[in-house]
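Examining the three-dimensional arrangement
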Amino acid sequence: MAAATDFQLNKTEEIMEGFLCPVCLQDLTSIAQLQVHFEEKHSAEDKALLNSLKSIFSKARKLLNDSDTEDDAPCASKLPESKAGGAKIYSNIFSQNSVPPCLPNCNDPWNWQNTATVPQRSHTSLFKTIRSDRIDTYVAETNKLLLRLDKLLADAPSDPVKRKAQERELVPWVDDACVPLCPDCGRSFSALTRRRHHCRLCGAIMCNKCSIFMSMAFAKQLVAPVHVATLMSGSSAQGKSSPGHSRGNSGSRHVLDGSAGFSLRRSGSQGSLNSIASMMDQLTGEQHLRVCQHCHQRVCARDRAVQQRQHQPLLALLYRKLMTDRATLYRLLPQYRTMAASLWSGESVYNLSDACELRLKVLRLGDSINATAQKIKTLGPVEVQQSQLNDPENQPPLGPRQELLQKRIYQSAAAFLKTNVLGLDKLPDAEELQQLQTKRREQAARRLAEERKAAELAELRAEQALIKLRQRDAEVITTRNARDRSLNSSGSSAHERRALVHRPSPGASVGEEGWGGDADAHVVTATDDPVVQQMNIIRNYIKQAREACRYEEVSTLEKNLKELQVEYRRLNGTT
Amino acid sequence: MGAVGAIKSYIETMIRDSEPGYKIMLMDRETTAIVSLVMAMSEVMKQEVYMFEQVEQMSSGENMSYLKCVVFVRPTPENISLLCRELQQPRYGAYYIYFSNVVSKASVKQLAESDEQELVREVQEIYADYMALAPHIFTLNIPRPITGMRWASGCLQRSMQGLTSLVFSLSLLPDVRYQANSDLARQLADEIRMMITMEGAVVASSSTGNSSYGFAQYNNSYNNSSNGAIPSSVVIILDRRDDPITPLLHQWTYEAMVHQLLGVNGGRVSLADVPGIAEELKEVVMTPTQDEFYAKSMYLNYGEIGQTIKQLMEEYQGKLSKQQKVESIADMKHFVQNYPQFKQMSGTVSKHVTVVGELSRVVSARRLLQVSECQQELVCGTDHSPNLQRVHELVRDPGISAEDAAVLVMLYAIRHQTHANNDTRGLVSALRKRSVNDRYIKLVSAMLEYGGEAARQSTLFSSPLPQDVSAFKKLLFKGVKGVENVYTQHKPLVLETATQAVKGRLKESSYPFIGTAPQNAAARPQTVILFIIGGATYEESAAIHQLNCTLASPAGGTATPSARVLLGGTHILNTPAFLESVEAAVEGTTRTSHRL
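For chain B, the name recorded in an unreviewed UniProt entry is Vacuolar protein sorting-associated protein 45, with Hyalella azteca as its organism. Looking at the Subcellular location (unreviewed entry) heading of the UniProt record, one finds this comment for chain B: "Endomembrane system".

Where an unreviewed UniProt entry is consulted, chain A appears under the name Rabenosyn-5 isoform X1, with the organism given as Hyalella azteca.

Below is the structure:
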């Protein structure tokens, strides 16, 4: 009702209504008061602004008066219109005078607004189509090699001659005559110095130098994890167990028969092993399987992929913990800050004990982050030892880059703690809190008194100003005076309304947040007394709010509960 | 949205889309520059990117399969093959590949065929192929785009890519105009228009949020874009040869001075030559995106910056005395709490105090006030004989450095090229007498070849301001608003061009459109992108910034300004860099005249 001015300072800011002072934004109840206030408080500040404002006031007044004189009787229904006219001029003058100082360069490139999205184009699906076409053949090839390897290891006859026959039967060997030169190094073969050899996996021919000797242990490992991996994809329950572990456990499964059988044979006879290995390193006496480079690369890549899927480095585990802690901390911090600020300003929205608890929680999280980060920083050797247990050959030693990574993780965690936890606001103790709260109450009372006094004073001055005006234009004044009064009353009633809205309404807030409707919220002890039921419900709510860290609601709910208790006692007393 | 904002949101998209977990970022030399100009490393590290690697120097390094790798590279053939090699022998657990510009299907195929272990999760194309220095200015870091008055190899392509990526990143489908007398400009404009026609669907689909919004509509909306969803905009290709004056003048705004006298390279300033410099100040970061104080003061002039630094010092000292009073436990706590901000501030203070100190040392050592005054009189005054006399005096003065003397002669040669009593020869022989390096003497004629009367289409010296320059001397650096400062009278030509373009009054004869002119050629474009072949200067950047600030908003609101202007160049010039690029430009051409 009292709205007269649309004062838009900034898009984001809330729109204030009323007769606002353009300089200090104080809400005044009438034009006259505003003018008086302005002359009194801001006369020294800006002559130009004052002048322009003055002219606006007179314009606005004229407008108001015009509309009033148009219709001789001060009719309430006419009022909003006239005010709207005034409002237009007001918003004009404000946009001219007070907006530019706030935003001196409204088109400063640094203020250019970002659009929400920047265009981009995805090639992922094209990429994946092309890749999957290729991968299919690749995977099929690899699988073929692994199957052959499995058979080579599993059903090998002990006799060297038979073995060779079996090998040739499993893998068709390329005819010697077809290959005059070693396909890898390009040198010609001869019967004595450079003999032809066959890859046991694909049957291709190469020279001795170009062949790779796969150790039996590795070959065994290659075959075993294939089954483990397929098993694991079938039953995710086994997901975490290490290859050796699952091998021991599930010996009964037929897929693992191969490896089980293999280890049996190995312990059986050294001679048969010699024959399994098509070539034996004379110096160490270790067994090897001759393969070509391409096959070796393929099976190795496969091995690596399997390893990667299974191997969960300690670093990853620690890091995940670090990040979840960080996220939790991040969630709690703003809550804590508002609580602390509220407590320090002497408000009684939050409970001190709740704040303390939250503070402790935050600090504990900080400690945990710090400890994890420290662990990550010094992880290096541990990581190597751990991985050495799993597989001794394929794990590279801790390199400088991993060290750097660990250091960087530590640094950024430390920086995070420094900015967020180290400077954590202190909480007042109980005594201080009491003092703060009484101080605030006193202050509020004082401010209220001051405001009342100022309002009276301004009213007085407004009267005087009006008297002056009256002398100038007696006829108009009569109508204005009446209007002024009505304005004052409507202004104050608006004030009251706002105050009403400000008061927190706990029921509504619980309903809004939605968590109050959980089933267990209504688990109340069977009692007929509605007040007792109500109290129990509220107790439940409090519990839930605590768990959800909504301390603001805890205290309002507690207040409610107390009121209910008083009520209940009163009722009981009367009955 | 400005250039910086666009690049930043691309970086954030990249990091966000690659899922949580520790990451490494694999970039090439240029994309590293693109990222480092808009974001500090610590800022990126906050988002879980802990390590950085350059594609060109990929170490055979250890396998770190637990790391996710965000790849951000230009889609060059070299980068593609390097990436292929990386994918064949992967060192990381997952790859998210982002190309900084349009990538060909063939390249995608090549990559896909290398990814035998199925480690690539994303292949995206984003449009961040330019270095954003501030929201309104960008560069492509091509120091010598022209040799023998033609595009140097690859530079035309690179300029086209940079500009189109800027246009796409801002979601624009602009008309393309070029400076009529420049072949280089026309070639570039042609290429840009072609690229926009071919790939513009990206913008069309993203801005309407509808992928079926195909190219037919785009072509329709191209010519009457003011009706469509895409705001009207124009790219204007300019040639440095039309204004060779601006890069020769001494500058007096903070940013321009730093570049002119110390040299900024990729947002970094080397202070290693400063006598008695502290170790941590040998190289300092000077980018407005990472230094709040610099962002606020980069366009202040020399006099104002002194004042501002003084204020900063006082503020700092106030805090310092508070910090040093650590007596009680409470003080200590306070100290610890405020230490990070304090330390940051002390870094800022020492940096800027050192930089400004060095600037003032150079200014007085090279007597730049005198030189600059003479320069301004040359380019803004009209009288020939006092100019000649003053230049003669300074050229003979041994207190003026050889380079400054040579630059004065060049300015004179260009300014009074057609004057009846032109005495460039006399000045050159005066330079010889001073035994100035032969390079500079050659440069005088090279400059005439590069930016003489014949090379220009605009009237560079048409606005004679018959004002007595010396009358303003007393107002020197007082920062009195509205009064022309004697050292900053010169207004760059590009400002005039930009102003005309914003008003929709740019002559079609001087700046024709590529293809047919749109029907609404006279309409005011909402975005004007100026690109100078041969490089832009910070003086021009400051002028465009000023122009942007004064462009009135249509309805008095602050949200939508009537227009914005962006400026870019193949490079950001200072005088030494400009001289080098001129040398390269005239190399191998037959001199038509100007034997000196």
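**Some words on the overall build of chain A**
For chain A, the count of helices and strands is 20 helices and eight strands. Counting over 575 residues, chain A shows a buried share of 39%. In chain A, the proportion of contacts linking residues at least 24 apart, taken out of those at least 6 apart, comes to 64%. With an accessible surface of roughly 33400 Å², chain A has 54% of that area assigned to carbon and sulfur atoms.

**A short note on the overall build of chain B**
Counting its regular elements, chain B contains 21 helices and 18 strands. The buried share of chain B, taken over its 596 residues, is 58%. Contacts in chain B between residues far apart in sequence, at least 24 positions, make up 80% of those at least 6 positions apart. Surface summary for chain B: the accessible area is close to 24100 Å², and the carbon and sulfur share equals 49%.

**Structural notes on the sheet that holds strand S2 (residues 49-54) of chain B**
Pairing in this open sheet of six strands is mixed, and the strands run S3(A)-S5(B)-S4(B)-S3(B)-S1(B)-S2(B) from one edge to the other. The open sheet has two free edges, formed respectively by strand S3 (121-122) of chain A together with S2 of chain B, since each of these has just one partner strand. Note that strand S3 (residues 64-73) of chain B and strand S4 (residues 92-99) of chain B share seven bridges and pair parallel. Note on S4 of chain B: the bridge partner recorded for phenylalanine 72 of chain B is tyrosine 98 of chain B. Against the sheet, helix H1 (residues 3-17) of chain B contacts strand S1 (23-27), S2, S3 and S4 of chain B, and its axis sits at roughly 155° relative to S4 of chain B.

**Let's talk about the UniProt feature "coiled-coil region" (unreviewed entry) in chain A**
The feature "coiled-coil region" (unreviewed entry), as annotated in UniProt, sits at residues 433-468 of chain A in this numbering. A helix fraction of 100% and a strand fraction of 0% characterise residues 433-468 of chain A, whose end C-alpha atoms lie 51 Å from each other.

**Comments concerning the interface of chain B and chain A**
Of the residues lining the interface, 78 residues belong to chain B; the matching set on chain A comes to 52 residues. Summing both partners gives a buried area of about 5600 Å² for chain B against chain A, and 61% of it is carried by carbon and sulfur. Inspection of the chain B/chain A interface yields four salt bridges. The partner of arginine 121 of chain A in a salt bridge is glutamate 125 of chain B, with the nearest N and O atoms 2.6 Å apart. Taken together, chain B and chain A are joined by 18 residue pairs in polar contact (both at pLDDT 80 or more). In terms of residue class, the side of chain B that touches chain A is made up of 38 nonpolar, 22 polar and 18 charged. Alignment of S3 of chain A against strand S5 (residues 120-125) of chain B, held across two bridges, turns out to be antiparallel. Paired with arginine 121 of chain A across the two strands is glutamate 125 of chain B, which belongs to S5 of chain B.

**Considerations on the nonpolar core**
Judged by nonpolar contacts, the single largest core of 140 residues is most densely connected at Leu188, Ile237 and Leu530 of chain B. At ten residues, helix H16 (residues 402-415) of chain B tops the list of elements feeding residues into this core. Each of domain 1 (3-126) and domain 2 (133-242 + 492-586) of chain B gives at least three residues to this core. Dropping the residues within four chain positions of it, leucine 188 of chain B is found in contact with Trp151, Leu156, Ser159, Met160, Leu163, Ile237, Phe531 and Ile533 of chain B. Counting 76 residues, the second-largest nonpolar core is a separate cluster that includes Leu315 and Leu379 of chain A together with Val73 and Leu82 of chain B.

**Describing the environment of serine 412 of chain A**
The topology assignment puts serine 412 of chain A in helix H15 (residues 400-422). Distance in space between the C-alpha atoms of serine 412 of chain A and alanine 373 of chain A is 9.2 Å, their sequence separation being 39 residues. Serine 412 of chain A has contacts with Arg326 of chain A together with Tyr50 of chain B, leaving out every residue within four places of it along the chain.

**Focus on the UniProt feature "domain: FYVE-type" (unreviewed entry) in chain A**
According to UniProt, the "domain: FYVE-type" (unreviewed entry) feature falls on residues 176-211 of chain A. From the first C-alpha to the last, residues 176-211 of chain A spans 16 Å; its make-up is 0% helix and 11% strand.

The rules behind each value
- Residues numbered from 1 in each chain as written.
- Chains lettered and ligands numbered in written order.
- Predicted model: local features only at pLDDT ≥ 70, side-chain atom pairs only at ≥ 80, totals over all residues.
- Heavy atoms only, no water.
- UniProt positions renumbered as here; feature names shortened; annotations may be inferred.
- Helix = DSSP H or I, 4+ residues; strand = E, 2+ residues; numbered from the N terminus.
- Buried < 20%, exposed > 50% of the residue type's maximum accessible area, 1.4 Å probe, protein only.
- Contact = heavy atoms within 4.5 Å.
- Areas by Shrake-Rupley, 256 points an atom, 1.4 Å probe, with all protein chains shown as cover.
- Pairing = 2+ DSSP bridges.
- Axes fitted to C-alpha atoms, helices over the stretch in contact; angles between N-to-C directions.
- Buried area = accessible area lost by both parts, 1.4 Å probe.
- Salt bridge = Lys/Arg side-chain N within 4 Å of Asp/Glu carboxyl O.
- Polar contact = N/O pair within 3.5 Å; in protein donor to acceptor, adjacent residues only side chain to side chain.
- Nonpolar A, V, L, I, M, F, W, Y, C, P; charged D, E, K, R; others polar.
- Core = buried A, V, L, I, M, F, W, Y, C linked by side-chain atoms within 4.5 Å.
- Domains from an automatic or database assignment.

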